[in-house]
Number of protein chains: 2
Amino acid sequence: MMDLALKLETTSTIPLHKQLYEEIRQAILSGRLESGQRMPSTRALAKTLGLSRATVLFSYDQLLSEGYLQTIPASGTFVACQLPDALLQATSPPISPASPSCIELSTYGAALATVNLPPPPGQKPLINFSCYGRPAFDEFPIQIWRRLLSRARCSSTAILDYPADPLGYKPLREAIARYLTQSRAVRCEPSQVAIVNGSQQALDLIARLFLNRGDRVVMEDPGYTEARYIFQVQGAELLAVPVDRSGLVMEQLSALTTPVKLVYVTPSHQFPTGAVLSLPRRLALLAWAQQTGTIILEDDYDSEFRYDERPIPALQGLTNSDSVIYIGTFSKVMFPSLRMGYLVIPQQLISVVARAKWLVDRQSPLLEQHALADFINEGHLESHIRRMRILYAQRRRTLVQALTQHLGNRVTIIGENAGMNALVKFHTDQNDEEIIAQAEQKGVELISARSCYMNAEYGNGKFLLGCTDLNSEAIQEGVWHLAQILKA
Amino acid sequence: MMDLALKLETTSTIPLHKQLYEEIRQAILSGRLESGQRMPSTRALAKTLGLSRATVLFSYDQLLSEGYLQTIPASGTFVACQLPDALLQATSPPISPASPSCIELSTYGAALATVNLPPPPGQKPLINFSCYGRPAFDEFPIQIWRRLLSRARCSSTAILDYPADPLGYKPLREAIARYLTQSRAVRCEPSQVAIVNGSQQALDLIARLFLNRGDRVVMEDPGYTEARYIFQVQGAELLAVPVDRSGLVMEQLSALTTPVKLVYVTPSHQFPTGAVLSLPRRLALLAWAQQTGTIILEDDYDSEFRYDERPIPALQGLTNSDSVIYIGTFSKVMFPSLRMGYLVIPQQLISVVARAKWLVDRQSPLLEQHALADFINEGHLESHIRRMRILYAQRRRTLVQALTQHLGNRVTIIGENAGMNALVKFHTDQNDEEIIAQAEQKGVELISARSCYMNAEYGNGKFLLGCTDLNSEAIQEGVWHLAQILKA
């Protein structure tokens, strides 16, 4: 045992029996004490180490109870024999780089390789146009939110427990149902509202609940890349239907000859073109879906930020059939790290969505649900949206004016006067990477719209400009830089 | 138009053009104005209604832009023809009950029918033994948590944005890596720690990433029902391997002749028996997994609440292979509605787990991640766990003493002196439903352990008793009631 150089520090705050236990354990795991090797008697070891016998006994007991040591009656104490030799070196070598082949992913897991993660944030650019859909964080009424969170925290210890319903906190579901009924003409009972972690989880849940591998899904083209990823990874076959200035081109949809399981649409403010699905097309889409037995997944993206006209009522409220599933999020009207969104589901699906949410992650965090219910019920949400609608309209105007002034006929602004982003096409010979790289040198960040197109080439020269979190000076300066780059 | 009885209120705060727009729109949608019907001229309608022509023009413009009306040049304004008649009644009738056959679920969705949701909470029972694993909420240092949340909220508006990494807030991942290294002998870099919404989401992500339909999963029997649901719904074939007082019976595992993709184990405190997987079996399990290329999913359930001995180090830390994926949660050591747990994953899986988390719900909420990092780093977590370890040990002792005193040989307490729940078997002729019903009448809530067994019959007479959120008086009174019931 002397060879083992057991390190015991009498001045340490760690009790000696724990130190001894740990030293012997390490010696066994690293192979310095070999499997089957006889241990000294407690008396002998105590003497050797200058410890009380009780200390050694205590350590041995622990090691015996954990199986590191074993006692053979009338023979003595030994390092356990069942310890496979191969594993005994486990704690000594550093973790070796794993061979990439040893863990095989599922079909779902393997399909994730096609998903592009957003790049990690680098140096903060001075002027960032790439965060389309990012709210103006400085304008969020953080003091009010803080007060409501504090109040919710004090309400009772029930807020610490699992919820009564995986679909969420009842008063929040009621508040959302009222809000949607009034502002979006959605027709629902609070029981049809399911609280989820942002619209992303809503999309994922619906994809899992309805799509088998090979099922066909219609996507708007161009469309929302992250939704496409979800359907793709789920194994769906994607069918692209183009959008024009009135949204999804219904003639092209009706012309499809293969059966479709689900149609994903962003009718309020088509992503990324900003087109509004016209009422006749809404009604035609509903009729087609009912006739063909197709599910419409209505992502009411950016419906809150229309600047010049009353929003067209949601598809969901225009039908009494069960064909529409409605998705909304608080990421844009509140802030993204809240991770709060909702589904409005037909009555017949309430139970299966509840089971899915329970199985997937039990519920969304409760504290925020309490605070958000108060935020809505006390009118803060509507007042914040009203303020942001004015602010974002101003910022969008500034962007459009700056683009027109500095770029003239070298830019086309695609889409309606609405929403949190603008889709633009630059008329230039430079390729997108060059433009992005040159902009970056000027401290301006840009993002290409190519990933929104099923055929990325159609997105060449097109960029998504977000300006909701940029002030007028930044927008003007950024566009000025772009003009210099595109001139060259 | 007079027949339409347009309701316009001049005293309303809603502008007249909006009222008029809404009234006409409703008339169209309800069918009172028919498709193709000619509308009166703006001049005529203004005169009829006693409004300014500008007001009527404004309403018509809105209705034209939204497609409710259409203009035929040199002819007039008409209710749009493209409105399919069938849908025009949409807003009048109440939502009719949907036919249950019209939405077909995916294989995953259909399999959810086998998942049992927890019953909605009824009248609060006086003494609730059914919440095994529920922390003592009254003891949670809510004031400290509140302070840390407030501090996190003030830190910067970056806390409102999407995170830099879907796997979580870096300082929290660092804090967890340190905590696990020190207290559980887990070997990891912070980059291997993935923040998820509780251990439930961890299980679900791993099931999706690795299991195809028909893949085989080994479950401890009895075992954790909610994990079984996840694997089942994912389409896995479940193989039951029994547990004894030293945990999973390795001989039975080694005897399996079919290839296994994944083994799910709760080695620290087997759920529900409380058995601790012995070190020799840990090493044997690791060797078997490496030899057969099987993934070990180590759910380190209840590892924090061992009362009489040092916890055995995690499986994850006993190997340098990539075969172990480690799962932990803050639901028990903090509180469940926090929805925060973590995975420790091999280096080679970091990227695919990040993609999956990004796709599934982007990230876990950020505010709590900030506060939790501080809670750990400032020592509050360890001190809270230490306090709860003492408290829960006392409560468990009280439970065991009361059971022994009042029930004597009519009860067997299964499992070790550890964890947040006890598994007991009542020796009685009464069936479980009778016992539960009679207990309920006395204000005592009980939960059967049957769902934990692959063959539910083996769980007959067995109950899971949670006592961590009950004080001594409640525990004793509850057991006294049980004794009366079982005597009868």
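Everything numeric here is computed off the predicted structure, so don't read it as measured data. Every chain is numbered independently, its residues counted from 1 as its sequence is written. Labels are handed out in written order, letters beginning with A for the chains and numbers beginning with 1 for the ligands. This being a predicted model, a pLDDT of at least 70 is required before a residue's local features are given, and a value of 80 or more before pairs of side-chain atoms are given or counted; all residues contribute to the totals for chains, interfaces and linings. Excluded from the side-chain calculations are hydrogens and water; all other atoms, namely the structure's heavy atoms, are used.

(A) Expanded view of the overall build of chain A. What chain A contains, in helices and strands, is 16 helices and 16 strands. Radius of gyration here is computed from C-alpha atoms only, and the compact-globule reference equals 2.2 Å multiplied by the residue count raised to the power 0.38. Over its C-alpha trace chain A gives a radius of gyration of 31 Å, far above what one expects of a compact globule, namely 23 Å for 488 residues. Considered along the principal axes of its C-alpha atoms, chain A spans approximately 95 × 60 × 50 Å. Across the 488 residues in chain A, those meeting the buried criterion constitute 58%. Here the contacts in chain A between residues at least 6 apart in sequence split such that 71% fall between residues at least 24 apart. To measure how exposed things are, a 1.4 Å probe is used in the Shrake-Rupley method; for residues, cover is taken only from the protein chains shown. Counting only carbon and sulfur atoms, one obtains 51% of the accessible surface of chain A, whose full area is about 19,200 Å². Residues scored as charged are limited to Lys and Arg (positive) and Asp and Glu (negative), so that His and the chain ends carry no count. Note on charges: their place is set at NZ of Lys, CZ of Arg, CG of Asp or CD of Glu. Counting 46 positive and 47 negative side-chain charges, chain A places the centres of these two groups 4 Å from one another. Numbering of helices and strands runs from the N terminus, with a helix taken as a DSSP run of H or I at least four residues long and a strand as a DSSP run of E at least two residues long. For every residue, the accessible area (1.4 Å probe, protein chains only) is compared with the maximum for its type, and the residue is labelled buried under 20%, exposed over 50%, or partly exposed between those bounds. What makes two residues a contact is simply this: any of their non-hydrogen atoms within 4.5 Å.

(B) View of the pattern of salt bridges. Between Lys or Arg on one side and Asp or Glu on the other, a salt bridge is scored when a side-chain nitrogen of the former is within 4 Å of a carboxyl oxygen of the latter. Applying the stated criterion across every chain, the model contains 32 salt bridges over all chains. Residue Glu22(A) pairs with Arg25(A) through a salt bridge whose shortest N-O separation is 2.6 Å. Of the two residues, Glu22(A) and Arg25(A) are both situated in helix α1 (residues 16-29); the distance of three residues between them amounts to about one turn of the helix. A salt bridge links Asp374(B) to Arg151(B); the shortest N-O distance between them is 3.1 Å. Placement of Asp374(B) in helix α13 (residues 366-377) and of Arg151(B) in helix α6 (residues 142-155) is noted, with a sequence separation of 223 residues between them.

(C) Expanded view of the interface of chain A and chain B. Listed by partner, the interface residues are 114 residues for chain A and 114 residues for chain B. Taken together, the connections running from chain A to chain B amount to six salt bridges. Close ionic contact of Arg134(A) with Asp161(B) constitutes a salt bridge, the shortest N to O distance being 2.3 Å. It is helix α12 (residues 350-361) of chain A that provides the largest number of residues to the side of chain A that touches chain B, a total of eight residues.

(D) Spotlight on the sheet that holds strand β15 (residues 447-448) of chain A. Residue and element names in this part refer to chain A. With antiparallel pairing, the four strands of this open sheet are ordered in space as β12-β13-β16-β15. Unpaired on one side and paired on the other, β12 (411-414) and β15 mark the two borders of the sheet. Two strands are counted as paired when DSSP detects at least two bridges linking them. Sheet topology places β12 next to strand β13 (residues 421-426); four bridges connect them, and they run antiparallel. Looking at β13, one finds that Thr412 is bridged to Lys425.

(E) Region of interest: the relation of the copies chain A and chain B. Take chain A, turn it by 180°, move it 0.0 Å along the axis, and it overlays chain B with an RMSD of 0.2 Å. Seen this way, the second copy is the image of the first under a two-fold rotation axis. Both copies share a contact surface, since 100% of the interface residues of chain A are interface residues in chain B too. A least-squares superposition brings the copies together, and it is based on the C-alpha atoms of residues with pLDDT no lower than 70 in both.

(F) Summary view of helix α7 (residues 170-184) of chain A. All names here are of chain A. For α7, spanning 15 residues, the distance from its first C-alpha to its last is 20 Å, which sits close to the expected 21 Å at 1.5 Å a residue. Within α7, burial applies to Leu172, Arg173, Ala175, Ile176, Ala177, Tyr179, Leu180 and Arg184. Against the buried residues of α7 lie β4 (193-196), β10 (324-329), β11 (341-344), α13 (366-377) and α14 (380-407). Two residues or fewer past α7, Ala185 is found with a positive phi of approximately 55°. Here the expected length of a helix is defined as 1.5 Å per residue gap, with one fewer gap than residues.

(G) Highlighting the side chain of Thr319(B). Residues and elements named next belong to chain B. Within the secondary structure layout, Thr319 lies in the loop between β9 (295-299) and β10 (324-329). Judged by relative accessible area, Thr319 falls into the buried class, the value being 4%. Within polar-contact distance, the side chain of Thr319 engages the backbone nitrogen of Ser321 at 2.9 Å. Each polar contact in these results corresponds to two N or O atoms within 3.5 Å; when the atoms are within protein, one needs to be able to donate a hydrogen and the other to accept it, and residues that are neighboring in sequence are counted only if both atoms are side-chain atoms.

(H) Structural detail: the environment of Glu382(B). Residues and elements named next belong to chain B. Its location among the elements puts Glu382 in helix α14 (residues 380-407). Using a relative accessible area of 43% as the deciding quantity, one classes Glu382 as partly exposed. For Glu382 and Tyr179, which are 203 residues apart along the polypeptide, the C-alpha to C-alpha distance reads 9.0 Å.

(I) Main features of the packing of aromatic side chains. Ring pairs are drawn from Phe, Tyr and Trp, using the six-membered ring of Trp, whenever the two centres fall within 6.5 Å, and their geometry is named by plane angle: stacked under 30 degrees, edge-to-face over 60, tilted for the rest. If you walk through the whole model with that rule in mind, you get 24 aromatic pairs over all chains. With a centroid separation of 5.8 Å and 85° between ring planes, the pair formed by Trp145(B) and Phe375(B) is classed as edge-to-face. With Trp145(B) in helix α6 and Phe375(B) in helix α13, this residue pair connects regions lying 230 residues apart in the sequence. As far as burial versus exposure is concerned, Trp145(B) and Phe375(B) are alike and both buried. Aromatic rings pair up to connect Tyr132(A), Tyr224(A), Phe271(A) and Tyr301(A) into one cluster. Across from the ring centre of Trp358(A), 4.2 Å away, lies the NZ or CZ of Arg362(A), which sits over that ring. Only when the NZ atom of a Lys or the CZ atom of an Arg is both within 6 Å of the ring centre and within 35 degrees of the ring normal do we say a charge sits over the ring.

(J) Molecular detail of the nonpolar core. As used here, the term nonpolar core means buried Ala, Val, Leu, Ile, Met, Phe, Trp, Tyr and Cys residues forming a set that is joined through side-chain atoms within 4.5 Å. Formed by 98 residues in total, the largest nonpolar core has its most connected members in Phe231(A), Leu343(A), Phe231(B) and Leu343(B). Beyond its immediate stretch of four places on either side in the chain, Leu343(B) contacts Gln192(B), Val193(B), Ala194(B), Val196(B), Ala202(B), Ile206(B), Ile325(B), Tyr326(B), Ile327(B) and Val353(B). Listed in part, the 90 residues of the second largest apolar core include Cys188(A), Ile385(A), Met334(B) and Met388(B).

(K) Just the sheet that holds β10(B), in detail. Residue and element names in this part refer to chain B. Pairing is mixed across the open sheet formed by eight strands, whose spatial order is β4-β11-β10-β9-β8-β5-β6-β7. The open sheet has two free edges, formed respectively by β4 (193-196) and β7 (247-248), since each of these has just one partner strand. In this sheet, strand β11 (residues 341-344) lies alongside β10 in antiparallel orientation, the contact comprising four bridges. Note on β11: the bridge partner recorded for Gly328 is Tyr342.

(L) Representation of unusual backbone geometry within the structure. Residue and element names in this part refer to chain B. Cis geometry is adopted by the peptide bond preceding Pro222, which originates at Asp221 and carries an omega value of 0°. Omega for the peptide link from Phe271 to Pro272 comes to 5°, which places this bond in the cis form. Position of Pro272 among the secondary structure elements: in the loop between β8 (262-265) and α11 (279-292). Not every positive phi belongs to a glycine, and Asp302 is a case in point at roughly 65°. Overall, Asp302 belongs to the buried group, its relative accessible area being 3%. One non-glycine residue, Arg362, adopts positive backbone phi at about 75°. With respect to the element layout, Arg362 can be found in the loop between α12 (350-361) and α13.

(M) Focus on helix α9 (residues 225-233) of chain B. Residue and element names in this part refer to chain B. In terms of burial, α9 is a largely internal element, eight of the nine residues being buried. Here α9 has its buried residues at Thr225, Glu226, Ala227, Arg228, Tyr229, Ile230, Phe231 and Val233. Where α9 terminates, the next one or two residues include Gly235, which has phi positive at roughly 95°.

(N) View of the packing of helix α2 (residues 42-49) of chain A against helix α3 (residues 53-65) of chain A. Residues and elements named next belong to chain A. Two numbers describe how α2 lies on α3: the axes approach to 8 Å, and their chain directions differ by 120°. Considered as vectors, α2 and α3 are oriented oblique to each other. Crossing handedness for the pair α2 and α3: right-handed. Side by side, α2 and α3 meet where Thr42, Arg43, Leu45 and Ala46 of the first sit next to Arg53, Val56, Leu57 and Tyr60 of the second. Residues belonging to the contact of α2 with α3 are distributed by class as follows: five nonpolar, one polar and two charged. Where helices are involved, their axes are fitted lines through C-alpha atoms of the stretch in contact, as for all axes, and angles between N-to-C directions lie from 0 to 180°. Put simply, angles under 35 degrees are roughly parallel, angles over 145 are roughly antiparallel, angles from 65 to 115 are roughly perpendicular, and the rest are oblique. Left-handed describes a crossing whose near helix is turned anticlockwise from the far helix through less than a right angle; right-handed describes the clockwise counterpart. Amino acids outside the nonpolar list (Ala, Val, Leu, Ile, Met, Phe, Trp, Tyr, Cys, Pro) and the charged list (Asp, Glu, Lys, Arg) are all regarded as polar, and Gly is one of them.

(O) The arrangement of the pairing of strand β5 (residues 216-221) of chain B in detail. Residue and element names in this part refer to chain B. When you tally the buried positions in β5, you get five out of six residues, the bulk of the element. Bridging between β5 and strand β6 (residues 237-244) involves six bridges; their strand directions are parallel. Residue Arg216 lies in a different strand from β6, and its bridge partner there is Glu237. When the strands point away from the viewer, a crossover counts as right-handed if the path from the first strand over the helix to the second runs clockwise. Read as a crossover between parallel neighbours, the route from β5 over α9 to β6 is right-handed.

(P) Just the state of the cysteines, in detail. All names here are of chain B. Cysteine sulfur atoms that pair up within 2.5 Å are treated as a disulfide. Tallied over the full model, the rule gives zero disulfides over all chains. Between Cys452, a cysteine without a disulfide, and Cys131, which holds the nearest cysteine sulfur, the sulfur-to-sulfur distance is 14 Å. With a relative accessible area of 3%, Cys452 lands in the buried category.

(Q) Highlighting the packing of α14(A) against helix α16 (residues 472-487) of chain A. Residues and elements named next belong to chain A. Where α14 meets α16, the closest approach of the two axes is 9 Å, and the angle between their N-to-C directions is 25°. In terms of their interaxial angle, α14 and α16 are classed as roughly parallel. As α14 packs across α16, the resulting crossing turns out to be right-handed. Facing α14, whose interface residues are Arg395, Thr398, Leu399, Ala402, Leu403, His406 and Leu407, α16 presents Ser472, Ile475, Gln476, Val479, Trp480, Ala483 and Leu486.

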